[in-house]
Amino acid sequence: MGFRYAKSSAYLKQNMKRTPLYHVHKSLNAKFTEFGGWEMPLQYSSIVKEHLSVRTNVGLFDLSHMGEIAVCGQGAGELVQKLSTNDAGRLTDGRVLYTLFCNEAGGIVDDLLIYRHTDNHYMLVVNAANIEKDLAWVETHNDTGAEVKDVSENTALIALQGPKAIDILNPFIPERDVSEISFFRFVLGEVAGIPTVISRTGYTGEVGFELYVDANDAEKLWNAIYPAVIEAEGQPVGLGARDTLRLEAGLRLYGMDMNDDTNPFEVGLGKFVKSKNRQFIGKKALLREKKKGIAKQMIGFQMLDRAVARAGYAIYQDGGQVGEVTSGAPSPSLKCNIGFAIVTSQTISENDKIDIEIRGRMHPAKIVTVPFI
């Protein structure tokens with residue numbers, strides 16, 4: 001697993017937040033974990049079964065722990081553009097943009113999605129552990145007069161991912177063919193009669209959709225779709241398989257692969273920094289770093305034995321330490337162990353051999369192209 005496992009059950013019950021679907025997960029005998037301050041389903045059957053279900057059939061996810069921040073009114077577009085490393089100014093209605101918030105030093109405050117409803121209505125979808133942090137960041141830099149509101153508590157997010165997602169979802173939306181929704185686009189409609197924002201971004205590397213609904217409608221929507229998922233030989237999917245799916249797809253996880261002290265270039269996200277003819281927070285520092293030359297780089301690796309490399313494990317090349325693992329896990333699809341690492345050596349390239357220190361012993365690995373599948 002790439003993320004941290006649960007604390008004690010007593011701690012969870014006393015301190016964790018829960019999604020509107022918590023009791024549904026309980027009824028499905030989910031095993032829970034702490035993640036980003038939330039008590040979330042880690043798995044229902046097994047991580048491998050759930051992972052392969054998404055790759056071959058379909059999986060149903062509760063992602064209601066994610067944060068949603070509405071930015072509305074006059075000045076909304078200007079504020080979003082000022083915060084975003086990617087060019088939010090090129091968004092049109094119904095489009096979604098992956099971007100980063102950076103601090104003045106170029107460090108990554110968070111990675112997120114921007115949904116543009118209209119030129120004065122945007123929705124920011126942020127990481128669960130960063131909701132309060134991101135809200136404060138947006139509010140602190142709001143000098144445009146925009147209205148900023150955290151709507152996370154009132155919003156539920158259910159995701160349907162896998163090759164059968166289109167066939168499963170279409171009968172619930174009789175007025176629309178969801179296959180016509182392009183990648184990184186969204187529409188407003190009704191799913192099973194429930195008002196829904198239907199988007200197509202994905203975090204698994206498979207065909208899939210994200211369904212944003214009022215929190216009060218979450219259980220109704222889940223219960224409508226769930227039987228069709230089971231009939232298609234799919235499964236509910238917890239955070240365990242979500243992590244292995246995103247890792248195989250070559251997608252970074254905030255708090256593991258990047259943080260406030262890493263910049264976009266170091267973690268292979270430089271293509272999401274669009275600096276031409278626009279200003280944004282962190283631009284000067286990022287351009288300075290790029291001109292100076294990036295001292296670190298993110299690489300993907302595959303273990304050459306049965307060992308699993310976890311976050312924080314040291315990486316060596318030619319006897320010297322060159323970096324450390326940020327994420328690592330078994331790959332159910334590839335049937336080997338894979339991971340991300342940040343290294344300082346600029347000479348490392350594809351197929352190079354490295355060693356990873358695991359519990360005092362060196363284990364061989366090689367550098368591979370990302371995404372892994």
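Residues numbered from 1 in each chain as written. Predicted model: local features only at pLDDT ≥ 70, side-chain atom pairs only at ≥ 80, totals over all residues. Heavy atoms only, no water.

Caption draft 1: Layout of the overall build of the protein. Across its full length, the protein holds nine helices and 19 strands. The C-alpha atoms of the protein give a radius of gyration of 21 Å, which matches the 21 Å a tight globule of 373 residues would have. Over its C-alpha atoms, taken along the principal directions, the protein stretches across nearly 60 × 50 × 45 Å. In the protein, which comprises 373 residues, the share counted as buried stands at 57%. Partitioning the intrachain contacts of the protein with sequence separation of at least 6 by distance along the chain shows that 65% fall at a separation of at least 24. Counting every atom, the protein has about 16,200 Å² of accessible surface; 48% of that belongs to carbon and sulfur. Where the 41 positive side-chain charges of the protein centre and where its 45 negative ones centre are 5 Å apart. (Helix = DSSP H or I, 4+ residues; strand = E, 2+ residues; numbered from the N terminus. Rg over C-alpha atoms; globule rule 2.2 N^0.38 Å. Buried < 20%, exposed > 50% of the residue type's maximum accessible area, 1.4 Å probe, protein only. Contact = heavy atoms within 4.5 Å. Areas by Shrake-Rupley, 256 points an atom, 1.4 Å probe, with all protein chains shown as cover. Lys, Arg positive; Asp, Glu negative; His and termini not counted. Charge placed at Lys NZ, Arg CZ, Asp CG, Glu CD.)

Caption draft 2: Examining the pattern of salt bridges more closely. Tallied over the entire structure, the rule returns 10 salt bridges. We note a salt bridge from Lys292 to Glu289, for which the minimum N-O separation is 3.2 Å. Taken as a pair, Lys292 and Glu289 lie in helix α9 (residues 283-292) at a separation of three residues, close to a single helical turn. Residue classification places Glu289 among the partly exposed positions, given a relative accessible area of 22%. Counted as one network, the salt bridges with shared partners bring together Arg55, Glu206 and Glu248. (Salt bridge = Lys/Arg side-chain N within 4 Å of Asp/Glu carboxyl O.)

Caption draft 3: Up close: the pairing of strand β7 (residues 121-126). Counting buried residues along β7, five of its six residues qualify, which places the element largely inside the surrounding structure. Of the pairings in the sheet, the one linking strand β4 (residues 67-72) to β7 comprises six bridges and is antiparallel in character. Considered in β7, the bridge of Ala70 is made with Met123. Bridging between strand β6 (residues 108-118) and β7 involves five bridges; their strand directions are antiparallel. Note that in β7 the partner of Ile114 across the bridge is Leu124. Count of turn residues in the β6/β7 antiparallel hairpin: two residues. (Pairing = 2+ DSSP bridges.)

Caption draft 4: Representation of the environment of Pro332 in the model. Looking at the element boundaries, Pro332 is found in the loop between β16 (320-331) and β17 (336-343). Owing to a relative accessible area of 11%, Pro332 belongs among the buried residues under this scheme. With 83 residues separating them along the chain, Pro332 and Ala249 place their C-alpha atoms 12 Å apart. Every residue in contact with Pro332, bar those within four places of it in the chain, is listed here: Val48, His51, Leu52, Thr244 and Glu248.

Caption draft 5: The domain arrangement of the protein, seen in detail. As assigned here, the protein comprises domain 1 (9-63 + 154-248) and domain 2 (295-373). If you average the C-alpha positions of domain 1 and of domain 2, the two centres end up 31 Å apart. Taken together, the contacts link eight residues of domain 1 with 14 residues of domain 2. Both faces considered, domain 1 and domain 2 share a buried interface measuring about 850 Å² in area, 66% of it formed by carbon and sulfur atoms. Looking at the side of domain 1 facing domain 2, the largest losses of area belong to Arg246, Leu247 and Glu248, adding up to 68% of the total buried there. The interface formed by domain 1 and domain 2 contains zero salt bridges. Here domain 1 and domain 2 share seven residue pairs in polar contact (both at pLDDT 80 or more) between them. Breaking the side of domain 1 that touches domain 2 down by element, the ones donating at least two residues are α3 (47-56) and α8 (239-248). (Domains from an automatic or database assignment. Buried area = accessible area lost by both parts, 1.4 Å probe. Polar contact = N/O pair within 3.5 Å; in protein donor to acceptor, adjacent residues only side chain to side chain.)

Caption draft 6: Spatial organisation of the sheet that holds strand β10 (residues 186-191). Overall, mixed pairing links the six strands, which are arranged β10-β11-β12-β9-β3-β13 in an open sheet. The open sheet has two free edges, formed respectively by β10 and β13 (235-237), since each of these has just one partner strand. Here the average twist between neighbouring strands, direction ignored, is 30°. In this structure, strand β3 (residues 59-62) lies alongside strand β9 (residues 155-161), joined through four bridges in antiparallel fashion. Considered in β9, the bridge of Gly59 is made with Gln161. Together, β3, β9 and β13 form the strand contacts of α3, whose direction differs from that of β13 by roughly 110°. (Axes fitted to C-alpha atoms, helices over the stretch in contact; angles between N-to-C directions.)

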